[in-house]
2 protein chains.
Amino acid sequence: MKENTGKSKYVVLGMLARMPQTGYTIKKWIENEYSHFWQESFGQIYPTLKKLVAEGLAVSFEDSETGKGRGRIVYSITDAGRKVLLDWLCKEPEIEKLRYEILLKVSFGENTEPEVLLGHLDDFIKRNENLIKDMNGYIEHFDLLKAQGTDCTYSQLTALSGVYMYSAMRDWAVKAKNVISGKEDDL
Amino acid sequence: MKENTGKSKYVVLGMLARMPQTGYTIKKWIENEYSHFWQESFGQIYPTLKKLVAEGLAVSFEDSETGKGRGRIVYSITDAGRKVLLDWLCKEPEIEKLRYEILLKVSFGENTEPEVLLGHLDDFIKRNENLIKDMNGYIEHFDLLKAQGTDCTYSQLTALSGVYMYSAMRDWAVKAKNVISGKEDDL
DNA sequence: TGACTAATATATCTTTGTGATATATTGTTA
DNA sequence: TAACAATATATCACAAAGATATATTAGTCA
């Protein structure tokens, strides 16, 4: 009974554990700071929030004081929700799941000209360089927050994982280019 | 109109481009050599094979000569199938998608004791060490095949990506452990 | 001031993908 | 020869992604 799905619930709980917020801000937060290792769609987030309320793990209230938006719904985690989150945190994390289309194309490389792959690898290298810069920007930003007394070690560590991961893939792509173009023989 | 789904078709075509085979062997091949960057389930593979035949991109025939299994169905790629595969290979690969549950748990780390995360990171480091060994095993295996005259550069390169990726994540986890346990301050 | 545009916000639908399970045969081995 | 593992196909329920519809608010700029 290996279950590697149904994590949205815990992601949303984890986000609510930081601060009460709306489905929209949860989505934006994941998009901005989690995109290198996780993603959630609105189609998952909104139904999940409703389920959490139904299960007593979160409570919702309409933010009518400011009158902002079309029925802006703010969600807060409950004590029961924190317990569920904690239980999940203690369980051994399931094995990660990756989908790298570029590796698929390299793997099927014999069906095309080397130039096609070299082009893809060039784009890939550039994109990874940019992502490394972005991640380092986050890390510096967290350093500033730290200097102001806010503890964000864990967020900083996840950003650091991005630097490691993107750097590794950039290095691999450079190596792959050299091998494919015949500049290097050995792996 | 960004479409980052519906790749199963091309994965299956790419597998059939290597050699005619059954849905089962496609699944096993992906499980064994692609698992670090791609995964497909039976629930995708069998319907995809039927669609490919319906679209004329593959042909099927029952392997009755050996009489093995319950209606063993072998699929072959057609010229039309090779053309579709080639067109896809030339298109820029879509951005990769990762789901690392351990990073989710680190990110929500303030909700639990550091010891919980340190334990997860230990398991993670061990698992990555083993995966690096496995990947290096594949690379050596491909070296042997190369020595026998079989060109498997592209397969070897995808295996190499696994070494780079798993090494990066192991290194990150070691660093994260040091930071969380207070042995290291700087990132 | 009004007109446009971008950002905020919720909701839902279809397609795609996962994991589990059912079923049956063949090969191995104790 | 009984038990078990591996091979093989098929399908279901549920999870997840991506697209789209809708509406409000905030900013900007002519």
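Residues numbered from 1 in each chain as written. Chains lettered and ligands numbered in written order. Predicted model: local features only at pLDDT ≥ 70, side-chain atom pairs only at ≥ 80, totals over all residues. Heavy atoms only, no water.

1. Things to note about the pattern of salt bridges
For step 1, the next point in the chain: A full pass over the atoms with the stated rule returns 22 salt bridges over all chains.
For step 2, the next point in the chain: E96(B) is the salt-bridge partner of R127(A), the closest N and O atoms lying 2.8 Å from each other. A residue pair is termed interchain when its members come from two chains, as with R127(A) in helix α6 (residues 114-147) and E96(B) in the loop between α4 (79-90) and β3 (97-99).
For step 3, the next point in the chain: Each of K7(A), E94(A), E101(B) and K105(B) takes part in salt bridges that share partners, so that together they form one network. (Salt bridge = Lys/Arg side-chain N within 4 Å of Asp/Glu carboxyl O. Helix = DSSP H or I, 4+ residues; strand = E, 2+ residues; numbered from the N terminus.)

2. Some points on the packing of aromatic side chains
For step 1, the next point in the chain: Per the stated rule, a full pass over the model turns up 14 aromatic pairs over all chains.
For step 2, the next point in the chain: Between the aromatic rings of F124(A) and W172(A), the centroid separation amounts to 6.4 Å while the plane-to-plane angle is 85°, which identifies the pairing as edge-to-face. Of this pair, F124(A) sits in helix α6 while W172(A) sits in helix α7 (residues 153-180); the two residues are 48 residues apart in sequence, bridging distant segments of the chain.
For step 3, the next point in the chain: For W172(A), a relative accessible area of 0% translates into the label buried.
For step 4, the next point in the chain: A connected cluster of aromatic rings, assembled from ring pairs, spans Y10(A), Y34(A), F37(A), W88(A) and F108(B).
For step 5, the next point in the chain: Geometry around F42(A) places K27(A) over its ring, the cationic atom sitting 5.4 Å from the centre. (Phe/Tyr/Trp six-rings, centres within 6.5 Å; stacked < 30°, edge-to-face > 60°. Buried < 20%, exposed > 50% of the residue type's maximum accessible area, 1.4 Å probe, protein only. Lys NZ or Arg CZ within 6 Å of the ring centre and 35° of its normal.)

3. Structural notes on the packing of helix α6 (residues 114-147) of chain B against helix α7 (residues 153-180) of chain B
All names here are of chain B.
For step 1, the next point in the chain: Closest axis-to-axis distance for the α6/α7 pair is 8 Å, and the angle between their directions is 160°. Classified by the angle between their axes, α6 and α7 sit roughly antiparallel to one another. As for how α6 packs across α7, the hand of that crossing is left-handed.
For step 2, the next point in the chain: Per-class residue counts for the contact of α6 with α7 are 22 nonpolar, seven polar and six charged. (Axes fitted to C-alpha atoms, helices over the stretch in contact; angles between N-to-C directions. Parallel < 35°, antiparallel > 145°, perpendicular 65-115°, else oblique. Left-handed = near helix turned anticlockwise from the far one by under 90°. Nonpolar A, V, L, I, M, F, W, Y, C, P; charged D, E, K, R; others polar.)

4. Some words on the domain arrangement of chain A
Residues and elements named next belong to chain A.
For step 1, the next point in the chain: Segmentation of chain A into domains returns domain 1 (8-90) and domain 2 (101-180).
For step 2, the next point in the chain: Just the C-alpha atoms count here: the centres of domain 1 and domain 2 sit 29 Å apart.
For step 3, the next point in the chain: In this assembly, domain 1 and domain 2 are joined by zero salt bridges.
For step 4, the next point in the chain: Counting the contacts that link domain 1 with domain 2 gives three residue pairs in polar contact (both at pLDDT 80 or more).
For step 5, the next point in the chain: Residues belonging to the side of domain 1 that touches domain 2 are distributed by class as follows: one nonpolar, two polar and two charged. (Domains from an automatic or database assignment. Polar contact = N/O pair within 3.5 Å; in protein donor to acceptor, adjacent residues only side chain to side chain.)

5. Re a nonpolar patch on the surface
For step 1, the next point in the chain: A surface patch of nonpolar side chains, about 290 Å² in accessible area, is lined by Y24(A), F42(A) and Y46(A).
For step 2, the next point in the chain: Structurally, F42(A) is set in helix α3 (residues 42-54). (Patch = residues over 30% accessible without salt bridge, like charges linked within 9 Å, V, L, I, M, F, W, Y side chains within 5 Å. Areas by Shrake-Rupley, 256 points an atom, 1.4 Å probe, with all protein chains shown as cover.)

6. Focus: the relation of the copies chain B and chain A
For step 1, the next point in the chain: Its rotation angle being 180°, the transformation that places chain B on chain A also includes 0.0 Å of axial translation and leaves an RMSD of 0.1 Å. The transformation just described matches what one would write down for a two-fold rotation axis. Relative to the rotation axis, the C-alpha of L98(B) is the closest in chain B, positioned 2.2 Å from it.
For step 2, the next point in the chain: Of the residues that chain B buries at the interface, 100% are likewise interface residues in chain A, meaning the two copies contact each other through the same surface. (Least-squares fit on C-alpha atoms with pLDDT ≥ 70 in both. Contact = heavy atoms within 4.5 Å.)

7. A few points about the environment of S60(B)
All names here are of chain B.
For step 1, the next point in the chain: Tracing the chain through its elements places S60 in strand β1 (residues 58-62).
For step 2, the next point in the chain: Judged by relative accessible area, which is 37%, S60 ranks as partly exposed.
For step 3, the next point in the chain: For S60 and Q21, which are 39 residues apart along the polypeptide, the C-alpha to C-alpha distance reads 9.4 Å.
For step 4, the next point in the chain: Setting aside residues no more than four positions away along its own chain, S60 makes contact with V53, I73, V74 and Y75.

8. A look at a negative patch on the surface
For step 1, the next point in the chain: On the surface, a cluster of negative charge is made up of E140(A), D143(A), D185(B) and D186(B).
For step 2, the next point in the chain: Relative to the elements of secondary structure, D186(B) occurs in the segment after α7.
For step 3, the next point in the chain: Looking at D186(B), the relative accessible area reads 62%, which means it is exposed. (Lys, Arg positive; Asp, Glu negative; His and termini not counted. Charge placed at Lys NZ, Arg CZ, Asp CG, Glu CD.)

9. Digging into the interface of chain B and chain A
For step 1, the next point in the chain: Listed by partner, the interface residues are 68 residues for chain B and 68 residues for chain A.
For step 2, the next point in the chain: Summed over both partners, the interface of chain B with chain A buries about 7,100 Å², with 67% contributed by carbon and sulfur atoms.
For step 3, the next point in the chain: Per-residue buried area on chain B facing chain A is highest for R99(B), F108(B) and Y154(B); these three make up 12% of the total on that side.
For step 4, the next point in the chain: Taken together, the links from chain B to chain A amount to four salt bridges.
For step 5, the next point in the chain: Of all elements in the fold, only α1 (8-18), α4, β3, α5 (101-107), α6 and α7 of chain B reach the threshold of two or more residues within the side of chain B that touches chain A. (Buried area = accessible area lost by both parts, 1.4 Å probe.)

10. Things to note about the packing of helix α2 (residues 23-34) of chain A against α3(A)
Residue and element names in this part refer to chain A.
For step 1, the next point in the chain: Contact pair α2 / α3: the axes reach a minimum separation of 10 Å and the direction vectors enclose 135°. One finds that α2 runs oblique with respect to α3. Two packed elements cross with a definite hand, and for α2 against α3 that hand is right-handed. Residues G23, Y24, I26 and K27 of α2 lie in contact with α3, whose contacting residues are F42, I45, Y46 and L49.
For step 2, the next point in the chain: When its residues are assigned to classes, the contact of α2 with α3 shows six nonpolar, one polar and one charged.

11. With respect to helix α4 (residues 79-90) of chain A
For step 1, the next point in the chain: Spanning 12 residues, α4(A) covers 17 Å between terminal C-alpha atoms, matching the ideal 16 Å at 1.5 Å per step.
For step 2, the next point in the chain: Buried residues of α4(A): G81(A), L85(A), W88(A) and L89(A), and no others. The buried residues of α4(A) all sit within an arc of 105° when viewed along its axis, so they share a single face. Pointing more than 90 degrees away from the buried face of α4(A) are the exposed residues D79(A) and K83(A).
For step 3, the next point in the chain: Tucked inside the fold, the buried residues of α4(A) contact α1 (8-18) and β2 (73-77) of chain A together with α5 and α6 of chain B. (Expected span 1.5 Å × (residues − 1). Arc of directions from axis to C-beta.)

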